[in-house]
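These are the residues of each chain, in order.
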Number of protein chains: 2
Amino acid sequence: MELLYKGKTKDVYELEDGNLQLKFKDDVTGEDGVFDPGANTVGLTIEGAGKAGLRMTRYFFGKLADAGVPTHFVEADIDGATMTVRKAEVFGKGLEVICRFRAVGSFLRRYGAYAEDGQPLDAFVEVTLKDDNRNDPPISRDALIQLGILEAQEYDTLEQLTKEISHIVKDDLDRRGLDLYDIKLEFGRDSRTGEILLIDEISGGNMRVYQEGEYIAPLDLEQRLFVK
Amino acid sequence: MELLYKGKTKDVYELEDGNLQLKFKDDVTGEDGVFDPGANTVGLTIEGAGKAGLRMTRYFFGKLADAGVPTHFVEADIDGATMTVRKAEVFGKGLEVICRFRAVGSFLRRYGAYAEDGQPLDAFVEVTLKDDNRNDPPISRDALIQLGILEAQEYDTLEQLTKEISHIVKDDLDRRGLDLYDIKLEFGRDSRTGEILLIDEISGGNMRVYQEGEYIAPLDLEQRLFVK
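Residues numbered from 1 in each chain as written. Chains lettered and ligands numbered in written order. Predicted model: local features only at pLDDT ≥ 70, side-chain atom pairs only at ≥ 80, totals over all residues. Heavy atoms only, no water.

## Here we look at the relation of the copies chain A and chain B
So, point 1. The transform that puts chain A on chain B rotates by 180° and translates by 0.0 Å along the axis, for an RMSD of 0.0 Å. What we have between these two chains is a two-fold relation. Taking the C-alpha atom as reference, chain A places Ser 140 of chain A closest to the rotation axis, 2.8 Å from it.
So, point 2. In this assembly the copies share their binding face: 100% of the residues contributing to the interface of chain A also contribute to that of chain B. (Least-squares fit on C-alpha atoms with pLDDT ≥ 70 in both. Contact = heavy atoms within 4.5 Å.)

Structural data, given as structure tokens:
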């Protein structure tokens, strides 16, 4: 088992059979000791954070598989905090695809002249580049195509999958009395088949969830969902 | 004649007949006494800057009229540094539409992980919001529609007009041995007819022009083009 990549919150190993193993760590992103899922630096270590994120990820990847959404998920070992996945190549140097149901965060910071805090949005999709040095800039469909990062048809597939996945997560949370405001997803091409897959994880750190207007922090969310 | 608006580089008056008069000032945008067309503050005053910008604007609006492009231009008085235009409403609180033939400026700052300085782009169009407080953020077609700033068809009209206008300016400069790297345009709806028009000005401050790889500052460009 070869270490391919040491990430901020996960390490990635290559397995003998060509699949990958993701090791979920207890490191979480943030600044000055405060957890912030949008931050680009590891801010602190919280015991159990890795397992909690994996538990939520396993749950949602299972729901997506039931709905026929292609993902990289193969199996998870909660006690070991590892997840086995199909190997996939990211687009360019990695993209994040965000689906917004309400105007908060960077959307509001950019477009606050036209949107109010928490204003409903119609499953609005946007893409950002994973680029810590440039603060993960948003990028339009046209620019993705112009720069050869995506083909027009690939963009349309990502957008359609993003809406489908985001609605599945939103509906699940709705049934628990929770409101999904936004969610960020990552996609890749299956290294063997070329199929576009949802990759990475779906945990508290990927989304903003509120209950009756009050923000629920990622770890609180994971505990609410999975502690009996 | 009523003063409607005092701008950074132009003042706007309403005329008796419902048209507007734009008074081109010698104030130019910049910071710390250095001229920067992209800046949001007035940096310095340069004698003759207003007339030089107006002369170039009159020239290009004339070319566009010959090509059948709808603009707000009615007539110009170079000595008085004024231009009479049809009244138009901007989209939202004002948009800038940029057409890029080479990757420089904010495009490169955002997408430098995928583009090299000066790399050719295929008349790439993007829109930014005029919003000094938020540093004129770029905004996608989808976000413009989502926020009710443009309808899908209006976006497509703006994009098509922007490419047509930008190519007319580029071809003119090409014939003088000059390279247009990018240009920013503004559009509005004719207050009487609702027709989409090119508004504002087309002067050195609206574009980046190079000669054999060397940047030509806006006032130098205006002088080169119009001093016999």
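## Quick word on the packing of helix α1 (residues 49–66) of chain B against helix α5 (residues 218–226) of chain B
Residue and element names in this part refer to chain B.
So, point 1. One can describe the packing of α1 onto α5 by two numbers: an axis separation of 10 Å at closest approach and a directional angle of 60°. Comparing their axes, α5 and α1 come out oblique. Crossing angle aside, the handedness with which α1 passes α5 is left-handed. Here Ala 49, Ala 52, Gly 53, Arg 55, Met 56, Tyr 59 and Phe 60 of α1 lie close against α5, whose contacting residues are Leu 219, Leu 221, Glu 222, Leu 225 and Phe 226.
So, point 2. Split by residue class, the contact of α1 with α5 holds nine nonpolar, one polar and two charged. (Axes fitted to C-alpha atoms, helices over the stretch in contact; angles between N-to-C directions. Helix = DSSP H or I, 4+ residues; strand = E, 2+ residues; numbered from the N terminus. Parallel < 35°, antiparallel > 145°, perpendicular 65-115°, else oblique. Left-handed = near helix turned anticlockwise from the far one by under 90°. Nonpolar A, V, L, I, M, F, W, Y, C, P; charged D, E, K, R; others polar.)

## Regarding the packing of aromatic side chains
Residues and elements named next belong to chain B.
So, point 1. Within this structure, the stated rule accounts for 14 aromatic pairs over all chains.
So, point 2. Consider the rings of Tyr 59 and Phe 226, whose centres lie 5.4 Å apart with planes at 65°: the pair is edge-to-face. Of the two residues, Tyr 59 is situated in helix α1 and Phe 226 in helix α5; the sequence distance between them amounts to 167 residues.
So, point 3. Using a relative accessible area of 17% as the deciding quantity, one classes Phe 226 as buried.
So, point 4. Relative to Tyr 111, the ring of Phe 107 lies with its centre 5.1 Å away and its plane at 80°, an arrangement referred to as edge-to-face. Separated by four residues within a single helix, Phe 107 and Tyr 111 lie in helix α2 (residues 105–111), roughly one turn from each other. (Phe/Tyr/Trp six-rings, centres within 6.5 Å; stacked < 30°, edge-to-face > 60°. Buried < 20%, exposed > 50% of the residue type's maximum accessible area, 1.4 Å probe, protein only.)

## Quick look at the interface of chain A and chain B
Quite often, the size of an interface is put as the accessible area lost when its parts meet.
So, point 1. Counting from both sides, the interface comprises 32 residues of chain A and, opposite them, 32 residues of chain B.
So, point 2. Here chain A packs against chain B, burying approximately 2400 Å² in sum over the two surfaces, 60% of which is carbon and sulfur.
So, point 3. Of all residues in chain A, Tyr 114, Gln 146 and Leu 147 of chain A bury the most surface against chain B, accounting for 29% of the area lost on that side.
So, point 4. Applying the counting rule to chain A against chain B returns zero salt bridges.
So, point 5. Along the contact surface separating chain A from chain B lie 10 residue pairs in polar contact (both at pLDDT 80 or more).
So, point 6. Sorting the residues of the side of chain A that touches chain B by element identifies α2 (105–111), β11 (120–129), β12 (138–139), α3 (141–146) and α4 (152–175) of chain A as the ones contributing at least two each.
So, point 7. Grouping the constituent residues of the side of chain A that touches chain B by class yields 18 nonpolar, six polar and eight charged. (Buried area = accessible area lost by both parts, 1.4 Å probe. Salt bridge = Lys/Arg side-chain N within 4 Å of Asp/Glu carboxyl O. Polar contact = N/O pair within 3.5 Å; in protein donor to acceptor, adjacent residues only side chain to side chain.)

## Examining the pattern of salt bridges
So, point 1. On inspection of all chains with the given rule, the structure shows 38 salt bridges over all chains.
So, point 2. A salt bridge links Arg 110 of chain B to Glu 126 of chain B; its shortest N-O distance comes to 3.0 Å. Here the residue Arg 110 of chain B occupies a position in helix α2, and Glu 126 of chain B occupies one in strand β11 (residues 120–129), the gap between them amounting to 16 residues.
So, point 3. Residue Glu 126 of chain B is classed as buried on the basis of its relative accessible area of 7%.
So, point 4. As a salt-bridge pair, Arg 176 of chain B and Asp 172 of chain B come within 2.8 Å of each other at their nearest N and O atoms.
So, point 5. With relative accessibility at 33%, the residue Arg 176 of chain B sits in the partly exposed group.
So, point 6. Residue classification places Asp 172 of chain B among the buried residues on the basis of a relative accessible area of 3%.
So, point 7. Three or more residues joined by partner-sharing salt bridges are found here, namely Arg 100, Arg 110, Glu 126, Asp 182 and Arg 208 of chain A.

## So, the UniProt feature "domain: SAICAR synthetase/ADE2 N-terminal" (unreviewed entry) in chain A
So, point 1. Mapped onto the present numbering, the UniProt feature "domain: SAICAR synthetase/ADE2 N-terminal" (unreviewed entry) falls at residues 3–215 of chain A.
So, point 2. For the annotated span residues 3–215 of chain A, helix accounts for 26% and strand for 38% of the residues, and the straight-line distance between the end C-alpha atoms is 36 Å. (UniProt positions renumbered as here; feature names shortened; annotations may be inferred.)

## Here's the deal with the side chain of Thr 162 of chain A
So, point 1. On the secondary structure map, Thr 162 of chain A appears in helix α4.
So, point 2. What Thr 162 of chain A contacts, discounting residues up to four positions off in sequence, is Val 97, Cys 99, Val 125, Leu 185 and Phe 187 of chain A.

## Examining helix α1 (residues 49–66) of chain A
So, point 1. Taking 1.5 Å as the rise per residue, α1 of chain A with 18 residues should run 26 Å; its terminal C-alpha atoms sit 26 Å apart, in good agreement.
So, point 2. Among the residues of α1 of chain A, Ala 49, Gly 50, Ala 52, Gly 53, Leu 54, Met 56, Thr 57, Phe 60, Phe 61 and Leu 64 of chain A are the ones counted as buried. (Expected span 1.5 Å × (residues − 1).)

## Observations concerning the environment of Ala 143 of chain B
So, point 1. Here Ala 143 of chain B lies in helix α3 (residues 141–146).
So, point 2. Excluding residues that lie within four positions of it along the chain, Ala 143 of chain B makes contacts with Tyr 111 and Phe 124 of chain A.

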